[in-house]
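Read off the chains here:
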Number of protein chains: 2
Amino acid sequence: MYKAPVGEIAFTLSEICGLKDLQSTTRFAEVSDDLVEAILTEAGRFAAEEIAPLNKVADTHGTPFKDGAVTTPPGWKELYKAWAEGGWNGLSAGEEGGGQALPVMLNTAALEMWNSGSMAFAIGPTLTMGAVEAIERHASDELKATYLEKLVSGEWMATMNLTEPQAGSDLNALRSRAERQDDGTYRIFGQKIFITYGEHDMTDNIVHLVLARLPDAPAGTRGISLFLVPKFFVNEDGSLGARNDVRCAGVEHKMGIHGSPTCTMVYGDEGGAIGWLIGEENRGLACMFTMMNNARLAVGVQGLGVAERAFQQALSYAIDRKQGRAPGDKGPDMSPIARHPDIKRTLLAMKARTQVARILCYACAHAIDMAHAAESDADKAFWNERAGVLTPLAKAISTDFGSEVSSLGVQIHGGMGYVEETGAAQHMRDARIACIYEGTNGIQSIDLVLRKLPLSGGEHVTGYLGELGAIADEVAASNLEGLAGVGARLKQAVADLSETTAWMMAAQAEGRVADALCGATPYLRQFGLTVGGVLLARGALRSTGDHAHGAAERALLARNFAETILTETIGIKADILASSSAIQAFDPEALAS
Amino acid sequence: MYKAPVGEIAFTLSEICGLKDLQSTTRFAEVSDDLVEAILTEAGRFAAEEIAPLNKVADTHGTPFKDGAVTTPPGWKELYKAWAEGGWNGLSAGEEGGGQALPVMLNTAALEMWNSGSMAFAIGPTLTMGAVEAIERHASDELKATYLEKLVSGEWMATMNLTEPQAGSDLNALRSRAERQDDGTYRIFGQKIFITYGEHDMTDNIVHLVLARLPDAPAGTRGISLFLVPKFFVNEDGSLGARNDVRCAGVEHKMGIHGSPTCTMVYGDEGGAIGWLIGEENRGLACMFTMMNNARLAVGVQGLGVAERAFQQALSYAIDRKQGRAPGDKGPDMSPIARHPDIKRTLLAMKARTQVARILCYACAHAIDMAHAAESDADKAFWNERAGVLTPLAKAISTDFGSEVSSLGVQIHGGMGYVEETGAAQHMRDARIACIYEGTNGIQSIDLVLRKLPLSGGEHVTGYLGELGAIADEVAASNLEGLAGVGARLKQAVADLSETTAWMMAAQAEGRVADALCGATPYLRQFGLTVGGVLLARGALRSTGDHAHGAAERALLARNFAETILTETIGIKADILASSSAIQAFDPEALAS
């Protein structure tokens, strides 16, 4: 079973990822250490005691679909009600809708634990949180008055409707259409697929945010508008009225997250679903990006949450399971497999990856909070850029690690990992989607290379590399015995990253975009591993005073990561600098013919 | 759908993996190129037309269990019958039982195609083939007379019963027991788990090979005997008699290979299952190893087969699916995603890994055949050692690649990869078990380091490295334009492998076994990637004459592998040489408390 790692989470927030800086801003001055601890403790309790036990039930039951209705797993509805009543849905929502306006960092930490409890459960509220932010920022006062409070409290849930069969990664191809009506509303027509929690029985109403095109809209993504389409209309007194013309046409049979209904939604089959515009016409994508950036971080946190749970389960199994005799063990008995060197390596690989995923997600949340708290335009711009750089790293690295860690968890279980009984396989099946949705990890790396590297003419990333280099220097200069050799490895990794970064920037400056794109995926990996390695070591340096008891363990983890995972970046650099020519020469279409 | 890559298989057999050497031996002199081509073509046809269409059906249907009986998927029984009647079961079985005594290389190539068709189907006959070899080598004439012919023809199938709940990787802990009877037979008691095709409705009889202990047996693996336990007794006239005291108590609900029943088998609940000794008392493990080494190669071939199928499917999807605009593409239309650089990289990563898996499996089969064909003790010993070194590489690398390639296949499909409809997810779920059974890949690396490196006092592996170095030199010296830079990379990789090999040997010589074990998994990977990279390039060098049409493509693949995958070995070397101290200092048990 899952035990919330509250101490490690609190340490990571405060000592590694900058919660303390945040607490010294005017906006978040009231976020005391006591408050943080109280929130983390209670979230951890809820995740471990209430959510985690239902994870397997949900996997087995799924979300059966019949006659347009979706039945969620047994206990799911009650769980959601208890969770919403705990106030968790509005943790970092604004006060306008009744939210607590706490840092995204805290919500991210809580989200980690919800996802460790059950990714299929946590993903539902995540979408509501994104919708809340889009409505807070872009919707009219009238829409806010009608919807915001109920979405912040969690009384209603929300969805995000982008994908259509021909429009996945490329929203240019979007075809759903919207027609203006005289009363200022719109009629919406079209089919959306892969809509998470598009239909369910957990709340009385469901609020769909839907991308569609107006008849006179420009082609491409500059002609997309965002609409709010409720499942049930809302009367003036707030009660629910007639049903809108939107229905669920089916749910997908997926590899994992069986507790989360993935719906095909049909709008306007009976004359048009009534929708209300959010923001301006043809500016829907900008509004949607508000949700999407948050959602990308939130998906990274899914990878993190599943990784933590898979690690805990594998550790427990490795200590209980006895096979063979580990080197140095005496006597007639078999050793716990946790004592075998190869299993130790595997457990460390799982733990280090999990902690690096945590660091990347919390660091990204920190940047978002710092942008919110910034009191000058320059500060706001700086932190927005930092969040922009960290978002693809948090999303792609954490979800790749979620897959890698849960797969290693299966491996540690041996044959027992492959039978569904133990739950190890479920973690792996669940985690796999996180590398795909909210922009595949390939899209994340393209985003990093084409959109994030050029921020401030390249100076933002260069500055960040300088910050990383300074921490690496600090590690190298420290006398911490457990970190012997780590500083040098980190310095080399930062230097290597600087080299590939310069190469990427030069390729773009010289119009060799395809060269840059050929190396985008390994470049993102190199970047993420380097940031992770540096910040892991920073954690070891900061393990003093109150946190000293974990110092040796943190140093060991940082060292192991530097020796066994950060070492990947040596080959990655060689790959990026060499491989683009052969990749471009490859013609898959000729191969298939 | 699957298209058998007969041309690539034939090229790999002949030009890369040494089938020609084999054809020049006395034993296999009659294996003409025409015969090879006829066999591969017909096997490819059967795999593509008969087996492949049932793969998804079997995944959906599974193998329901009721009242001790297992129902196989619709069409499974007829498929097996047609397959056995094609003579495929006895391809490399000895002539004594009616087999064709063809090289294991050919059977391995056919097995690749059966596995591409359906891994859940192919695994059943694989176990029968292993049992045939154990019986051929170790069983009494009486047992041979009763069982061999029916097993070679495939009229009956066989199973392999090792695992018990407390005895998985460690067979020392085996508890099933056998009691001698006056008539020379034995009574067998015990429970076995994870028995593949332990019960089913495909053949009239099932022949179980079962490991158990005699009452006076020494402790540990030196006290294990092997027994043949038929489901139905066989009358003197060959007809089936009464049912033996063995029954299936349940089937596992697994992550994948749903068409393959994984059974819990109970022996002796009603007074003892009657068994016949194979080989000598207490020497069962040696007999079982006959099966196990073959089974390890066969499991590697599962990884290969699934990788090939997943690659073909992803390639086809990437050419059909249009999203976004690839660099250089003009006009209003979206590009096939196969033209995007990141997808090209991914497709190459899949294709190169698949071909390396093929090379490792065929090279291992070649060594087994050369040992069979050897006319001197020295030659036989040499090729047995070579097979010993290549078996863990073929098993672990090919199955890791099976998992990696099928996961990349899911990624290329985007959201469609995660829904079960497309079948991409099934390949990933199916492939995952191959990294676990027949000795986890961790066990394979321990086998490589502790048992294979010391062969002939280390000289066998050193000699092999010399052979690899010579090929790398040949690549470096070649003028093939497409291989520019590849020779230097290969030479460096071989030099790095020589360095870690020396380190591993020194660690063992100095009694630092734990040091060696800490690096065993990355060492096996480094070894496999290096062999794969060198032999891929050899393929490009040999692309002349009849095969010249594929020369550019083979050079491109070898170059891409050297630039993007072989580069991993640079970091791996750094890992192995540095990481053992921190890994050994890690105490998982302290972490959990």
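Since this is a predicted model, take the numbers as computed values, not measurements. (Residues numbered from 1 in each chain as written. Chains lettered and ligands numbered in written order. Predicted model: local features only at pLDDT ≥ 70, side-chain atom pairs only at ≥ 80, totals over all residues. Heavy atoms only, no water.)

### Quick word on the overall build of chain A
Selection rule: For the purposes of this entry, the term helix denotes a DSSP run of H or I that reaches at least four residues, the term strand denotes a run of E that reaches at least two, and both are numbered from the N terminus. For every residue, the accessible area obtained with a 1.4 Å probe (protein chains only) is divided by the maximum for its type, and the residue is called buried under 20%, exposed over 50%, and partly exposed between those limits. Contacts were defined at the residue level, with two residues in contact if any of their heavy atoms lie within 4.5 Å.
Within chain A, the secondary structure is distributed over 21 helices and 12 strands. With the principal axes as the frame, chain A shows a C-alpha extent of 80 × 65 × 60 Å. Counting across all 593 residues of chain A, residues that qualify as buried make up 64%. If you take every contact in chain A between residues at least 6 apart in sequence, the share linking residues at least 24 apart comes to 74%.

### Focus: the environment of proline 73 of chain A
All names here are of chain A. Note on placement: proline 73 falls in the loop between β2 (69–70) and α5 (76–85). Classification of proline 73 by relative accessible area gives buried; the value is 2%. The spatial distance from the C-alpha of proline 73 to the C-alpha of histidine 61 is 5.7 Å, given a sequence separation of 12 residues.

### Focus: the packing of aromatic side chains
Residue and element names in this part refer to chain A. Quick reminder of the rule: Two rings belonging to Phe, Tyr or Trp (six-membered ring only in the last case) form a pair when the distance between their centres is within 6.5 Å. Interplanar angles under 30 degrees mark stacking, angles over 60 mark edge-to-face geometry, and anything in between is tilted. In this scheme, the term charge over a ring applies when either NZ of a lysine or CZ of an arginine sits within 6 Å of the ring centre and within 35 degrees of the ring normal.
On inspection of all chains with the given rule, the structure shows 24 aromatic pairs over all chains. Between phenylalanine 46 and tryptophan 114, the ring centres sit 6.1 Å apart and the planes meet at 90°, which makes this aromatic pair edge-to-face. Of this pair, phenylalanine 46 sits in helix α3 (residues 33–51) while tryptophan 114 sits in helix α6 (residues 104–117), and the two are 68 residues apart along the sequence. A relative accessible area of 5% means that phenylalanine 46 is categorised as buried. Its relative accessible area of 1% is what places tryptophan 114 among the buried residues. Grouped by ring-pair contacts, the aromatic residues Phe46, Trp76, Tyr80, Trp83, Trp88, Trp114 and Phe121 constitute a single cluster. For arginine 554, the ring lying beneath its charged end belongs to phenylalanine 11, and the centroid distance is 3.5 Å.

### Here's the deal with the state of the cysteines
All names here are of chain B. Our working definition: Throughout, disulfides are identified as pairs of cysteine sulfur atoms within 2.5 Å of each other.
Applying the stated criterion across every chain yields a total of zero disulfides over all chains. The thiol of cysteine 361 is not disulfide-bonded; the next cysteine sulfur, from cysteine 364, is found 7.4 Å away. Exposure remark for cysteine 361: the relative accessible area of 0% places this residue in the buried category. Here cysteine 435 stays free of any disulfide, with the sulfur of cysteine 361 as its closest cysteine sulfur at 12 Å.

### Structural notes on the relation of the copies chain A and chain B
The condition is simple: The superposition of copies rests on a least-squares fit of C-alpha positions from residues with pLDDT of 70 or more in both.
The operation relating chain A to chain B is a screw motion whose rotation component is 180°, with 0.0 Å of axial translation and a residual RMSD of 0.0 Å. Taken together, the rotation and translation describe the operation of a two-fold axis. Relative to the rotation axis, the closest C-alpha in chain A is found at glycine 571 of chain A, a distance of 2.9 Å. The residues that chain A uses at the interface reappear at the interface of chain B in 100% of cases, marking a shared surface.

### Side note on the UniProt feature "domain: Acyl-CoA dehydrogenase/oxidase N-terminal" (unreviewed entry) in chain A
How we decide: UniProt positions are given in the numbering used here, feature names are shortened, and annotations may be inferred rather than shown by experiment.
Residues annotated in UniProt with the feature "domain: Acyl-CoA dehydrogenase/oxidase N-terminal" (unreviewed entry) correspond here to residues 37–155 of chain A. For residues 37–155 of chain A, helix accounts for 66% and strand for 3%, while the C-alpha atoms at its two ends are 27 Å apart.

### A word on unusual backbone geometry
Residue and element names in this part refer to chain B. In the Ramachandran plot, phenylalanine 194 falls in the positive-phi region, its phi being about 60° despite a non-glycine side chain. Summarising the element assignment, phenylalanine 194 is placed in strand β5 (residues 186–196). Even without being glycine, glutamate 438 reaches a positive phi, approximately 60°. Mapping glutamate 438 onto the fold places it in the loop between α13 (424–432) and α14 (441–452).

### Things to note about the side chain of serine 580 of chain A
All names here are of chain A. Structurally, serine 580 can be placed in helix α20 (residues 568–585). Assessed through its relative accessible area of 8%, serine 580 is described here as buried. Other than its neighbours up to four places away in sequence, serine 580 contacts Trp503, Asp515 and Cys518.

### Quick word on the side chain of serine 579 of chain A
The line we're drawing: Whenever a nitrogen or oxygen atom comes within 3.5 Å of another N or O atom, the pair is scored as a polar contact, on the condition that within protein one atom can donate a hydrogen and the other can accept it, and that pairs from neighbouring residues in sequence are kept only if both atoms are in side chains.
Tracing the backbone shows serine 579 of chain A in helix α20. Polar contacts involving the side chain of serine 579 of chain A include one to the side chain of arginine 345 of chain B, which spans 3.1 Å. Sequence-distant contacts of serine 579 of chain A, defined by excluding residues within four places in its chain, comprise Arg345, Glu563 and Thr564 of chain B.

### A word on the interface of chain A and chain B
Accessible area lost when the parts come together is the quantity often used to give the size of an interface. Operational definition: Defined here as a combined quantity, buried area equals the accessible surface (1.4 Å probe) lost by two parts on assembly, summed across both. Each reported salt bridge corresponds to a side-chain nitrogen of Lys or Arg within 4 Å of a carboxyl oxygen of Asp or Glu.
Taken together, the 83 residues of chain A in the interface contact 83 residues of chain B. In this assembly, chain A packs against chain B so that about 7,100 Å² is buried in total across both faces, 65% of it on carbon and sulfur atoms. Interface area lost by chain A to chain B is led by Met255, Arg345 and Tyr418 of chain A, which between them contribute 12%. Seen at the junction of chain A and chain B, the total is four salt bridges. Residues glutamate 589 of chain A and arginine 339 of chain B are paired through a salt bridge, measuring 3.0 Å at the closest nitrogen-oxygen approach. There are 44 residue pairs in polar contact (both at pLDDT 80 or more) connecting chain A and chain B. When residues in the side of chain A that touches chain B are grouped by element, the largest group, 11 residues, is from α20 of chain A.

### A few points about the UniProt feature "domain: Acyl-CoA dehydrogenase/oxidase C-terminal" (unreviewed entry) in chain A
Per the UniProt entry, the sites bearing "domain: Acyl-CoA dehydrogenase/oxidase C-terminal" (unreviewed entry) are residues 282–445 of chain A in this numbering. Across residues 282–445 of chain A, the secondary structure splits into 76% helix and 0% strand, with the terminal C-alpha atoms separated by 27 Å.

### Let's talk about the nonpolar core
Put simply, the test is: Here, nonpolar core refers to any group of buried Ala, Val, Leu, Ile, Met, Phe, Trp, Tyr and Cys residues whose side-chain atoms link them within 4.5 Å.
Within the largest apolar cluster, 304 residues are counted, with the highest numbers of intra-cluster contacts made by Trp114 and Leu347 of chain A together with Trp114 and Leu347 of chain B. Dropping the residues within four chain positions of it, tryptophan 114 of chain A is found in contact with Ala43, Phe46, Ala47, Ile51, Trp83, Trp88 and Ala122 of chain A. Ranked by size, the runner-up nonpolar core spans 34 residues in total, among them Ala131, Val132, Leu148 and Val207 of chain B.

### Quick word on the packing of helix α11 (residues 377–413) of chain A against helix α15 (residues 459–477) of chain A
All names here are of chain A. So the rule is basically this: To define axes, lines are fitted to C-alpha atoms, for helices over the stretch in contact only, and angles between the resulting N-to-C directions are given on a 0 to 180 degree scale. These descriptions rest on fixed angle ranges, namely under 35 degrees for roughly parallel, over 145 for roughly antiparallel, 65 to 115 for roughly perpendicular, and the rest for oblique. We call Asp, Glu, Lys and Arg charged. Ala, Val, Leu, Ile, Met, Phe, Trp, Tyr, Cys and Pro are nonpolar, and the rest, Gly among them, are polar.
Put simply, α11 and α15 touch, their axes get as near as 10 Å, and they point 80° apart. In terms of orientation, α11 and α15 fall into the roughly perpendicular class. Every residue of α15 that contacts α11 at Phe382, Glu385, Arg386, Val389 and Leu390 is listed here: His460, Val461, Tyr464 and Glu467. Within the contact of α11 with α15, the residues separate by chemical class into five nonpolar, one polar and three charged.

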